[in-house]
Amino acid sequence: MRKENIKKFDVVISGGGVVGMTLAAALAQNGLTVALVEYTDIVHSLNDEFDGRSYAISYAPYVMMKTLGLWDKVGHEAQPINEIHITDGHSPLFLHFDEKDLGDGPLGQMVEVRHLRRGLFEAISQEKKISLFNPDHIVDIDNKPGASEITLESGEKLSCALVICAEGRNAPLRQKAGIKIRNWDYNQTAIVTTVQHELDHGGTAYERFYPSGPFAMLPLREKRSSIVWCEPPERAEVIMGLSDAAFDAELAKKFGDFLGEVKHMGQRWSYPLSSQLADEYLGTRLCLIGDAAHGIHPIAGQGFNLGLRDIAALTEVLVDAKRLGGDLGSEFTLERYVRWQRTDNNILALGMDGLTRLFSNDITPIRLMRQVGLGIVGEIPPLKKYFMRHARGTVGKLPKLLRGEKI
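Along every chain, residues carry numbers that run from 1 in the direction the sequence is written. Per-residue local features are limited, in this predicted model, to residues with pLDDT of at least 70; the limit for side-chain atom pairs, both in listing and counting, is 80 or more; totals at the level of whole chains, interfaces and linings are taken over all residues. Side-chain measures were taken over the full set of non-hydrogen atoms in the model, leaving aside hydrogen atoms and water.

Engineer: Requested: an account of the overall build of the chain, with residues and values cited.
Structural biologist: In terms of regular secondary structure, the chain is built from 11 helices and 21 strands. Exposure classes here rest on a 1.4 Å probe applied to the protein chains alone. A residue is buried below 20% of its type maximum, exposed above 50%, and partly exposed in between. Per-residue burial for the chain yields a buried fraction of 53% across its 407 residues. Any pair of residues with heavy atoms lying within 4.5 Å of one another is described as a contacting pair. Taking contacts inside the chain between residues at least 6 apart in sequence as the whole, the part at least 24 apart equals 74%. A run of H or I in DSSP becomes a helix once it reaches four residues, and a run of E becomes a strand once it reaches two; helices and strands are each numbered from the N terminus.

Engineer: Describe the packing of helix 1 (residues 18–29) against helix 8 (residues 303–323), naming the residues involved and giving the relevant values.
Structural biologist: In a packed pair of helices, the relevant descriptors are the angle between the two axes and the axis-to-axis distance. Every axis in this analysis is a line fitted to C-alpha atoms, fitted for helices over the stretch in contact. Angles between the N-to-C directions lie between 0 and 180 degrees. Where helix 1 meets helix 8, the closest approach of the two axes is 10 Å, and the angle between their N-to-C directions is 25 degrees. In terms of orientation, helix 1 and helix 8 fall into the roughly parallel class. As for how helix 1 packs across helix 8, the hand of that crossing is right-handed. Residues V18, V19, T22, L23, A26 and L27 of helix 1 form the contact with helix 8, whose participating residues are F304, G307, L308, I311, L314, T315 and L318. Note that the term roughly parallel is reserved for angles under 35 degrees, roughly antiparallel for angles over 145, roughly perpendicular for angles of 65 to 115, and oblique for everything else. In this scheme, a crossing is called left-handed if the near helix is turned counterclockwise away from the far one by less than a right angle; it is called right-handed if the turn is clockwise.

Engineer: So what about the side chain of T333? Which residues, and what values?
Structural biologist: Its place among the elements puts T333 in helix 9 (residues 331–359). Within the structure, T333 has its side chain in polar contact with the side chain of S330 (distance 3.0 Å). Whenever a nitrogen or oxygen atom comes within 3.5 Å of another N or O atom, the pair is scored as a polar contact, on the condition that within protein one atom can donate a hydrogen and the other can accept it, and that pairs from neighbouring residues in sequence are kept only if both atoms are in side chains.

Engineer: A description of the sheet that holds strand 11 (residues 147–152) should follow, citing residues and the corresponding values.
Structural biologist: In space, the four strands of this open sheet follow the order 1-12-11-10, with mixed pairing throughout. Looking at the sheet topology across the chains shown, the edges are occupied by strand 1 (6–8) and strand 10 (138–144). For this sheet the average axis-to-axis angle between neighbouring strands, irrespective of direction, equals 25 degrees. Here strand 1 runs beside strand 12 (residues 157–160); their pairing, made up of three bridges, is parallel. Paired with K7 across the bridge in strand 12 is L158. Any two strands with at least two DSSP bridges between them are considered paired.

Engineer: Can you tell me about helix 4 (residues 113–125), naming the residues and giving the values?
Structural biologist: Take the number of residues in a helix, subtract one, and multiply by 1.5 Å to get its expected span. Spanning 13 residues, helix 4 covers 18 Å between terminal C-alpha atoms, matching the ideal 18 Å at 1.5 Å per step. For helix 4, the set of buried residues is V113, R114, H115, L116, R117, G119, L120, F121, A123 and I124.

Engineer: Lay out the sheet that holds strand 5 (residues 79–81) in plain terms, naming residues and giving numbers.
Structural biologist: An order of 4-8-5 is seen for the three strands of this open sheet, with the pairing classed as antiparallel. Edge positions in the sheet fall to strand 4 (54–58) and strand 5, since each of these pairs with one other strand and no more. Averaged over all neighbouring strand pairs, the angle between strand axes comes to 30 degrees, with direction disregarded. Looking at chain direction, strand 4 and strand 8 (residues 108–112) are connected through five bridges and run antiparallel.

Engineer: Give a description of the environment of L242 that names residues and reports values.
Structural biologist: Relative to the helices and strands, L242 resides in the loop between helix 6 (233–240) and helix 7 (244–255). Residue L242 is classed as partly exposed on the basis of its relative accessible area of 26%. When near neighbours in sequence (up to four residues on either side) are disregarded, L242 contacts F247, E250 and R268.

Engineer: Describe the pattern of salt bridges, and please don't skip the residues or the numbers.
Structural biologist: The salt bridge criterion pairs a side-chain nitrogen of Lys or Arg with a carboxyl oxygen of Asp or Glu, the two atoms within 4 Å. Per the stated rule, a full pass over the model turns up 20 salt bridges. E122 is the partner of K73 in a salt bridge, and the nearest nitrogen-oxygen pair spans 3.4 Å. On the criterion of sequence distance, the pair formed by K73 in helix 3 (residues 71–74) and E122 in helix 4 is long-range, its members being 49 residues apart. Given a relative accessible area of 38%, E122 falls into the partly exposed group. A salt bridge links R235 to E250, with the nearest nitrogen and oxygen atoms 3.2 Å apart. Here R235, found in helix 6, pairs with E250, found in helix 7; they are 15 residues apart in sequence, far enough to count as distant. Overall, R235 belongs to the partly exposed group, its relative accessible area being 37%. In this structure E250 comes out as partly exposed when scored by relative accessible area, which is 21%.

Engineer: Pulling in residues and values, what's your account of helix 8?
Structural biologist: Residues lying three or four places apart along an α-helix face the same way, a consequence of the helix completing one turn every 3.6 residues. If you check helix 8, its first and last C-alpha atoms are 31 Å apart, about what 21 residues at 1.5 Å a residue would give, namely 30 Å. Among the 21 residues of helix 8, 17 are classified as buried, and the element is accordingly described as predominantly covered. Looking one or two residues past helix 8, G325 carries a phi angle of roughly 75 degrees, positive in sign.

Engineer: How would you summarise the nonpolar core if you had to cite specific residues and measurements?
Structural biologist: Ranked by size, the top nonpolar core spans 83 residues in total, and within it V11, I13, L116, I164 and L318 carry the most contacts. No other element matches the 10 residues that helix 8 contributes to this core. Apart from the residues lying within four places of it in its own chain, the contact partners of V11 are L27, L32, T33, V34, A35, C160, L162, I164, L318 and L328. Core analysis: the next-biggest nonpolar cluster, separate from the first, contains 19 residues, I81, L95, L220 and L277 among them. Remark: nonpolar core denotes a set of buried residues (Ala, Val, Leu, Ile, Met, Phe, Trp, Tyr, Cys) joined through side-chain atoms within 4.5 Å.

Engineer: Got a sec to walk through the environment of A293? Specific residues and values, please.
Structural biologist: Structurally, A293 can be placed in the loop between strand 20 (286–288) and strand 21 (294–295). For A293, a relative accessible area of 1% corresponds to the buried category. For the pair A293 and L277, spaced 16 residues apart in the sequence, the C-alpha separation amounts to 6.0 Å. Residues in contact with A293, not counting those within four places in the same chain, are Q276, L277, A278, Y281 and L288.

Engineer: Tell me what's going on with the packing of aromatic side chains, and back it up with residues and numbers.
Structural biologist: Ring pairs shown here join Phe, Tyr and Trp side chains whose ring centres sit within 6.5 Å, with only the six-membered ring taken for Trp; geometry is labelled stacked below 30 degrees between planes, edge-to-face above 60, and tilted in between. Within the structure shown, the criterion is met by nine aromatic pairs. Seen from their ring centres, F9 and F133 are 6.2 Å apart, and the 90 degrees between their planes marks the pair as edge-to-face. Taken together, the residues span a long stretch of sequence, with F9 in the loop between strand 1 and strand 2 (11–14) and F133 in strand 9 (residues 130–133) at a distance of 124 residues. A centroid spacing of 4.8 Å and a plane angle of 65 degrees characterise the contact between Y206 and F258, whose relative ring orientation is edge-to-face. Of the two residues, Y206 is situated in strand 15 (residues 204–210) and F258 in the loop between helix 7 and strand 18 (262–278); the sequence distance between them amounts to 52 residues. Taken together, the ring pairs connect Y59, Y62 and W71 into an aromatic cluster. For a lysine, the NZ atom is tested; for an arginine, the CZ atom; a charge sits over a ring if that atom is within 6 Å of the ring centre and within 35 degrees of the ring normal. One Lys or Arg, K254, reaches over the ring of Y210 and ends 3.8 Å from the middle of that ring. The ring of F247 carries the charged tip of R268 above its face, separated from the ring centre by 4.2 Å.

Structure representation (structure tokens):
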């Protein structure tokens, strides 16, 4: 009887989006063998039309990407964020963050998702310790003492110590493992597009809070900005259906004329907004990461950064365990990752939820309170710097990669 051909790996990552690919690269660089399984055709996701979003990458995750050698591949079109200007509607009171107040580099970097995907795909394609199974997906996991045996839809058989779920919010593996989530809807839809404007933005990100939802103008290269425009679903549907000229007219009302004439470039996308938190990060030889574990409102652009922080912590935990001869899939090993990330992730998610609810209303006393609050924070330098360090991701006990250290 012919022995079944089972390919052995240290870990199997289910989900080949930007979080899954970044984690695969980080683990492979540190000596782990990785199988990366992705349901959709990754090559198809590399075209410009696939995803119109841009991510604000905070300073500490940017340091990690540089430490891993990934920034040269993904950051060649990045735009540094030098300043952040926050207002409540068109109130004269505002909060202004300037990189000069800290003196050690930009507050973050804006990267278009299309450049992230292409650069990360190039990186994983060059890593000998990464095997890509794509398009393919996991149909069965048989957990045995010391390992999990995995069957893919293609018929391939894999064996590993740990399965990492990086499948995003819907996460079929999380559902199969019976891990429940708590979620809540904001009754908002984010309209996303890229705009061209006459004047240079100077590397400044602008965020305005309206009762209908936040409106963010995030700097890109070449007098362009990425727009995240939040509205109630019914109004967002109407806006998405406008002609190009009518859409630009509505956009100009929100954007203002301080950067001259503004026009959107090509496509528009829309995404319903909600938050969710997984009750558990672990199952039997299973670990959740990124949006599979936590999905938050984009009010402060921290969603992808949470995923990158997960990667830094999980990579350090797994590499340390591998060097010590430990079981990568044991609860004893993975509890260190959970302790490191879960509380911080939940606090940030709930904090973003609170901010969203505070600013997405038009109750007069609350509106006046938040306008005054923005002005007060801006006038207290120690408090202002504390918020800036939080925005840069440099507060708390950081994993080595976020500090720019090799593991």
